[in-house]
Amino acid sequence: MGSCSGVVFMACLVMNSLVFVAYAGDFYQDFDLTWGDRRGKIFNGGKLLSLSLDSVSGSGFQSKQEYLFGRIDMQLKLVAGNSAGTVTAYYLSSQGPTHDEIDFEFLGNLSGDPYILHTNVFTQGKGNREQQFYLWFDPTRNFHTYSIIWKPQHIIFLVDNIPIRVFKNAEAIGVPFPKSQPMRIYSSLWNADDWATRGGLVKTDWTKAPFTAYYRNFNANACVWSGTGSSCAKTNSVSDGAWETNELDAPGRRRLRWVQKYFMIYNYCTDLKRFPQGVPAECKHRF
């Protein structure tokens, strides 16, 4: 094992049971199907996973490993056709009442209407940091890559390597930041027609069931919470630059502005009706 350096070294000082790994995933090896009574399936030699939803149940999976900082990539192809009422959730989360969580949620819609990509960040059990986007492509026709970069300095959400959201560490002004609780990767496909599509006005059409989403090309370049040892060492020669750089570069900042200008449809930081006493503290700083 190599020695820790840079941001990874900071994580090692805080936590005492980390091992740094980078690998392309095998769903048999990396995940457990956790609910759904065989509505979740792994096939193609562990290279493809599907989750399905019908009128009886949805389904879900979780990673075998817990992570503390790193980059997580997954390719998804979402429920096609009339997906109204369905939610495909893909997220990182710790456990307990003061859990941390980093969310992608894909809110289904009527055929021909766009999905809504819902993002959120929970710290110490508190969320309410929603930003929502339309996508600039049809996420049901092909696989696209959805990524989370989680560092002590910030969290970056990416779609096809284009940053769509940055949540910065604002502990200096009293805002909690997820940095001490290891998280697993979770995904689920479930019925949420009480709120998911037009605030619950459009219900799930069960004649179109089963609804199915597909996953492939999982990759983790991250610190694994192993429960043994005391180092966070690089065990692979894969470049760390994709997640260890301190900030977005200039092209990344331009892409972020492009997405937020043309595709963001909700930002909690501008919802003055929701926060009549003033927006949350982190909203007053540049993101």
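Whatever comes next refers back to the structure up there.
What you see is a predicted model, and the numbers here were worked out from it, not measured in a lab.

Chemist: Before we move on, could you go through the pairing of strand β12 (residues 154–159) and cite the residues and values that matter?
Modeler: Among the six residues that make up β12, six are buried, leaving the element largely enclosed by the rest of the structure. With burial as the criterion, each face of β12 is covered, one bearing His154, Ile156 and Leu158 and the other bearing Ile155, Phe157 and Val159. Linking strand β11 (residues 144–150) back to β12 in an antiparallel pair, the connection comprises three residues. As defined by bridge partners, β12 adjoins strand β13 (residues 162–168) across six bridges and the pair is classed as antiparallel. Bridged to His154 within β13 is Lys168. The hairpin formed by β12 and β13 contains two residues between the paired strands, and Asp160 there has a positive phi angle of roughly 50°.

Chemist: I'd like a rundown of the sheet that holds strand β9 (residues 116–122), residues and numbers included.
Modeler: If you trace the eight strands from one edge of the open sheet to the other, you get β2-β5-β14-β7-β8-β9-β10-β16, paired in antiparallel fashion. The outermost strands of the open sheet, each flanked by one partner alone, are β2 (31–35) and β16 (264–267). In this sheet, adjacent strand axes meet at a mean angle of 15° when their direction is disregarded. Two strands pair when backbone bridges link them, and strand β7 (residues 86–93) and strand β8 (residues 101–107) are joined in this way by seven bridges, in the antiparallel orientation. Among the inter-strand pairings, Thr88 is bridged to a residue of β8, identified as Phe106.

Chemist: Can you explain the environment of Ala222? Please cite residues and give values.
Modeler: Looking at the secondary structure, you find Ala222 in strand β15 (residues 211–225). Note: C-alpha distance between Ala222 and Arg71 (151 residues apart in sequence) is 5.7 Å.

Chemist: I'd like a description of the side chain of Asp73, backed by residues and values.
Modeler: As for its placement among the helices and strands, Asp73 is situated in strand β6 (residues 66–77). A relative accessible area of 11% means that Asp73 is categorised as buried. In terms of polar contacts, Asp73 uses its side chain to reach the side chain of Arg71, at 2.9 Å. Non-local contacts of Asp73, meaning those with residues more than four positions away in its chain, are made with Tyr90, Thr145, Tyr146, Ser147, Asn217, Phe218 and Asn219.

Chemist: I'd like a rundown of the environment of Thr34, residues and numbers included.
Modeler: With respect to the helices, strands and loops of the structure, Thr34 is situated in strand β2. Residues Thr34 and Ser188, 154 residues apart in the sequence, show an inter-C-alpha distance of 9.5 Å. Apart from residues no more than four positions distant in its own chain, Thr34 is found in contact with Gly60, Phe61 and Gln62.

Chemist: An account of the state of the cysteines is requested, with residue identities and associated values reported.
Modeler: Under the criterion given, the structure shown has one disulfide. Across the disulfide, Cys269 is cross-linked to Cys283 (sulfur-sulfur distance 2.0 Å). Looking down the S-S bond of the Cys269 and Cys283 bridge, the torsion is -75°, so its handedness is left-handed. One end of the pair, Cys269, is in the segment after β16; the other, Cys283, is in the segment after β16, with 14 residues separating them in the sequence. Both residues of the pair, Cys269 and Cys283, belong to the buried class.

Chemist: An account of the packing of aromatic side chains is needed here, citing residue identities and associated values.
Modeler: Summed over all chains, the structure comprises 19 aromatic pairs. With a centroid separation of 5.6 Å and 40° between ring planes, the pair formed by Phe27 and Phe31 is classed as tilted. What makes Phe27 buried here is its relative accessible area of 2%. Given a relative accessible area of 3%, Phe31 falls into the buried group.

Chemist: Lay out empty space enclosed by the protein in plain terms, naming residues and giving numbers.
Modeler: Inspection of the entire model under this criterion finds one cavity of 30 Å³ or more. Lining the largest cavity are Tyr67, Phe69, Gly70, Arg71, Ile72, Leu92, Ile148, Trp150 and Ala222. For the lining of the largest cavity, the secondary-structure elements that each account for two or more residues are β6 and β11. Residue composition of the lining of the largest cavity, grouped by class: seven nonpolar, one polar and one charged.

Chemist: Can you break down the side chain of Asp271 residue by residue, with the values?
Modeler: With respect to the element layout, Asp271 can be found in the segment after β16. Although Asp271 lies buried, it forms no salt bridge, and the closest oppositely charged side chain, Arg274, sits 4.9 Å away as judged by the N-O distance. A distance of 3.1 Å separates the side chain of Asp271 from the backbone nitrogen of Arg274, its partner in a polar contact.

Chemist: How would you sum up the pattern of salt bridges? Please name residues and give values.
Modeler: Within this structure, the stated rule accounts for eight salt bridges. Between Arg129 and Glu282 there is a salt bridge, with the nearest N and O atoms lying 3.1 Å from each other. Of this pair, Arg129 sits in the loop between β9 and β10 (131–133) while Glu282 sits in the segment after β16, placing them 153 residues apart in sequence. There is no split in this pair, since Arg129 and Glu282 are both buried. For Asp205, the salt bridge is made with Lys208, and the minimal N-O distance between the two is 3.1 Å. On the accessibility criterion, Asp205 (23% relative accessible area) is partly exposed.

Conventions adopted
- Residues numbered from 1 in each chain as written.
- Predicted model: local features only at pLDDT ≥ 70, side-chain atom pairs only at ≥ 80, totals over all residues.
- Heavy atoms only, no water.
- Buried < 20%, exposed > 50% of the residue type's maximum accessible area, 1.4 Å probe, protein only.
- Helix = DSSP H or I, 4+ residues; strand = E, 2+ residues; numbered from the N terminus.
- Pairing = 2+ DSSP bridges.
- Axes fitted to C-alpha atoms, helices over the stretch in contact; angles between N-to-C directions.
- Polar contact = N/O pair within 3.5 Å; in protein donor to acceptor, adjacent residues only side chain to side chain.
- Contact = heavy atoms within 4.5 Å.
- Disulfide = S-S within 2.5 Å.
- Phe/Tyr/Trp six-rings, centres within 6.5 Å; stacked < 30°, edge-to-face > 60°.
- 1 Å grid on protein atoms, 1.4 Å probe; cavity = no way out; pocket = protein on both sides within 12 Å on 5 of 7 lines; lining within 4 Å.
- Points joined across faces, edges and corners; volume = space filled by probe spheres on them.
- Nonpolar A, V, L, I, M, F, W, Y, C, P; charged D, E, K, R; others polar.
- Lys, Arg positive; Asp, Glu negative; His and termini not counted.
- Salt bridge = Lys/Arg side-chain N within 4 Å of Asp/Glu carboxyl O.

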